[in-house]
Amino acid sequence: MGVPFRWNLASTWVGNIGDGIALAAGPLLVASQTRNPTLIAAAAIVQRLPNLVIGLYAGALADRVDRRRLVVIANVLRALVIAGLAATIVTGRVSIWAVLTALLLVGVAEQFADSGTRAVIPMIVPKADLGIASARSMAGYLVANELLGPPIGAFLFAVGMVLPFGAQAAAVLLGAWLFTRIELPARPEAPTQQHIGHDIVEGLRWIRHNRAIRTLSLVIFVFNLTWGAPWGILVLWAQDRLGVDAVGFGLLSTAVGIGGVLAVLGYDRLERRVSLATLMKACLTLEVLLHLALAFTTHLVVALSLMFVFGCYAFVWGSVSNAVRMRATPDAFQGRVGSVYFFGMTTGLLVGQFLGGLIATKWGVAAPFWFAFVGAGVTLALVWRQLDHIAHTEA
C-alpha cells in the first residue's frame, strides 16, 4: 500500500505499545494514590470526557489544518504531559489530583492526534485497500495495546513507579517522529475566516443529507448502546452466571483478543472472497445472536467460545465499517465524519452501560443481554436492505 502507509503503520504500532504500557500502569498509579472508589472511577471518566466535549471540534480542526502537523504537535504535547507526570513521581510530588489532571490533558491531546490520524488514512491508501489498511492498524492495536503493552507496563511499574510513564513518553515521541516521515498529497486550502463552529454544523448537515453515512452512524450508536448494556456488568454476569474468579474473567478478555488477532490476520483473504455488504450483514447478525446465546450461557467453556467468536467478528466489523465510512466520505469531511462516528461509539457505550446497570438491578445480570438482543435485532431488521447500498457508496 505504499511507503506513506508503512510509516503511518509504524507510528501507530509504536504509539500503541506506549498506550498499552499505560493501560496497566495507569490504574496501578491511581490505586497507589487513593482507595476512594469515586476518585478511581473519575480516572476512567476523565479519559473518555474529552471525546464527548471536544471530539467534534478536533474533527473539524483536522479538516481545516495540515493533518500531519496536527498529529505531530498533539503527540508531542501528549508526551510532555506524560513526562511532567513522571517528574512528579520522581520528585515525590505526585498526587491523585496530579494524576487526574494528567489523564485529562492526555485525553485532550489524543482527540486531536486521533482525528488527524483517521483523516490521513484515505489520503495515502487507495479506496480498494482501505479495509485491509484498517485491519493492519487494528492488528497493531491488538498486539501492542492489548497483548504486549499491559504486561510490560505492569512489570515496569513493579520495578519502579516512574518507568512505565517514561517508556510511554518515549514511545509517543518516537511515534510522532515516524509520522513526520509521511508524505501527504496536497489538499485544497480550507477557508479559515468562518468560525469553526460553522464547520462542525456543516459536517453534521452533510451527514444528515448523506443516507449511507447517516444510517451507518445510527447503526454504530445503537449497536454500541446495546453492547454497552451487558458489557458494563460483564464482571457480575461472569461471577454470578459462570461462577468464575478473577482468572476466569481474564480468560474471557483473552478469548476476545485471540479471536481478534486471527480475524485481522486473515482479513485480506476474507475481503477478497466476500463482499463488504455480506461481511456487514454477517457481523451484525452474529452480534444479535451472540447476545441471545450469552443470555442463556451458564458454562465457562461455552462463554469462552462465544467471546472468541465475538473477537473474530468485532474486528472484522471494525475494519469493514471504517473502510465503508472512509470510502463514502469526501476528503474535506474526513475529520468531521470520523469524529461523529467515534462520538457515537463513546456515547452509545456510556448510555448503554448506564442502562445496563439499571436493567441488571431490576431484572438480574442476564437481563441486559435480552435488552441487547431485542434492540440490536430490531435495528438490524430495519437497516438490512440498506446495507447493500451503504457498503458500496463512494464519495
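Note that this is a predicted model, so its numbers are computed, not measured.

### Structural notes on the overall build of the protein
When helices and strands are counted, the protein shows 16 helices and zero strands. Its C-alpha atoms give the protein a radius of gyration of 21 Å, near enough to 21 Å, the size a compact globule of 395 residues would have. Each of the three principal axes of the protein carries a C-alpha extent, and together these read 60 × 55 × 40 Å. The buried share among the 395 residues of the protein stands at 52%. Contacts spanning at least 24 positions in sequence make up 88% of the contacts within the protein whose residues lie at least 6 apart. Of the roughly 17,700 Å² that the protein leaves accessible, carbon and sulfur atoms contribute 68%.

### Side note on a nonpolar patch on the surface
A surface patch of nonpolar side chains, about 410 Å² in accessible area, is lined by Ile45, Leu49, Leu52, Val53 and Leu104. Per-element tally for the nonpolar patch: the top contributor is helix α2 (residues 37–62), with four residues. Of note, Ile45 is situated in helix α2.

### A word on helix α10 (residues 246–265)
End to end, α10 covers 29 Å across 20 residues, agreeing with the expected 28 Å (1.5 Å per residue, within 8%). For α10, the full list of buried residues reads Gly248, Leu252, Ala255, Val256, Gly257, Gly259, Gly260, Val261, Ala263 and Val264. For α10, the capping residue at the N-terminal end is Asp245, with a side-chain oxygen 3.0 Å from the backbone nitrogen of Gly248.

### Re the pattern of salt bridges
For the structure on display, the rule yields 10 salt bridges. A salt bridge links Arg336 to Asp63; its shortest N-O distance comes to 2.8 Å. Remark: Asp63 occurs in the loop between α2 and α3 (67–91) and Arg336 occurs in helix α14 (residues 334–363); sequence separation between them is 273 residues. Measuring nitrogen to oxygen at the nearest pair gives 3.0 Å for the salt bridge that ties Glu202 to Arg336. Here Glu202 is found in helix α7 (residues 196–209), whereas its partner Arg336 is found in helix α14, with 134 residues between them in sequence. A relative accessible area of 29% places Glu202 in the partly exposed class. The buried category is assigned to Arg336, whose relative accessible area is 8%. A single salt-bridge network, built from bridges that share partners, covers Asp63, Arg67, Glu202, Asp331 and Arg336.

### What about the packing of aromatic side chains?
Taken as a whole, this structure holds 11 aromatic pairs when the rule is applied. Pairing Phe310 with Tyr313 gives two aromatic rings, centres 5.5 Å apart and planes at 85 degrees, and the pair type is edge-to-face. Separated by three residues within a single helix, Phe310 and Tyr313 lie in helix α13 (residues 300–328), roughly one turn from each other. On the basis of relative accessible area, Phe310 is assigned to the buried category, the value being 11%. On the accessibility criterion, Tyr313 (5% relative accessible area) is buried. For the pair Trp370 and Phe373, a centre-to-centre distance of 6.3 Å together with 85 degrees between the ring planes defines the contact as edge-to-face. Residue Trp370 and its partner Phe373 are located together in helix α15 (residues 367–383), separated by three residues, close to a single helical turn. Residue classification places Trp370 among the partly exposed positions, given a relative accessible area of 36%. Overall, the relative accessible area of 24% leaves Phe373 in the partly exposed class. Taken together through their ring pairs, the aromatic side chains of Trp227, Trp231, Phe310 and Tyr313 make up a single cluster. Residue placement shows Arg181 over the ring face of Trp7; its charged tip is 5.6 Å from the ring centre. A cation over a ring is seen here: Arg325 above Tyr341, with NZ or CZ 4.7 Å from the ring centre.

### Thoughts on the environment of Ala295
By the element assignment, Ala295 lies in helix α12 (residues 276–296). Remark: the alpha-carbon pair of Ala295 and Leu77, spanning 218 residues in sequence, is separated by 45 Å.

### Comments concerning the environment of Val378
On the secondary structure map, Val378 appears in helix α15. Considering only alpha carbons, one finds Val378 and Val288, 90 residues apart in sequence, at a separation of 9.4 Å.

### Re a positive patch on the surface
On the surface, Arg205, Arg208, Arg211 and Arg214 cluster together into a patch of positive charge. Put simply, the parts of the chain that give the positive patch at least two residues each are α7 and α8 (211–231). Tracing the backbone shows Arg205 in helix α7.

### Overview of the nonpolar core
Formed by 55 residues in total, the largest nonpolar core has its most connected members in Leu216, Trp237, Met280, Leu294, Trp317 and Val320. Each residue touching Trp237, except ones within four places of it in the same chain, is listed here: Leu242, Leu252, Leu294, Thr297, Ala303, Val365 and Phe369. Residues Ala43, Phe157, Phe165 and Ala169 belong to the second largest nonpolar core, which totals 23 residues.

### Focus: the environment of Leu358
Examined against the element boundaries, Leu358 turns out to sit in helix α14. Between the C-alpha atom of Leu358 and that of Gln239, which follows or precedes it by 119 residues, the distance is 18 Å.

### Focus on the side chain of Gln111
Of note, Gln111 is situated in helix α4 (residues 96–124). Those residues in contact with Gln111 that sit more than four places away from it in its chain are Pro50, Asn51, Ile54, Gly55 and Ala58.

What counts as what
Residues numbered from 1 in each chain as written. Predicted model: local features only at pLDDT ≥ 70, side-chain atom pairs only at ≥ 80, totals over all residues. Heavy atoms only, no water. Helix = DSSP H or I, 4+ residues; strand = E, 2+ residues; numbered from the N terminus. Rg over C-alpha atoms; globule rule 2.2 N^0.38 Å. Buried < 20%, exposed > 50% of the residue type's maximum accessible area, 1.4 Å probe, protein only. Contact = heavy atoms within 4.5 Å. Areas by Shrake-Rupley, 256 points an atom, 1.4 Å probe, with all protein chains shown as cover. Patch = residues over 30% accessible without salt bridge, like charges linked within 9 Å, V, L, I, M, F, W, Y side chains within 5 Å. Salt bridge = Lys/Arg side-chain N within 4 Å of Asp/Glu carboxyl O. Expected span 1.5 Å × (residues − 1). Polar contact = N/O pair within 3.5 Å; in protein donor to acceptor, adjacent residues only side chain to side chain. Phe/Tyr/Trp six-rings, centres within 6.5 Å; stacked < 30°, edge-to-face > 60°. Lys NZ or Arg CZ within 6 Å of the ring centre and 35° of its normal. Lys, Arg positive; Asp, Glu negative; His and termini not counted. Charge placed at Lys NZ, Arg CZ, Asp CG, Glu CD. Core = buried A, V, L, I, M, F, W, Y, C linked by side-chain atoms within 4.5 Å.

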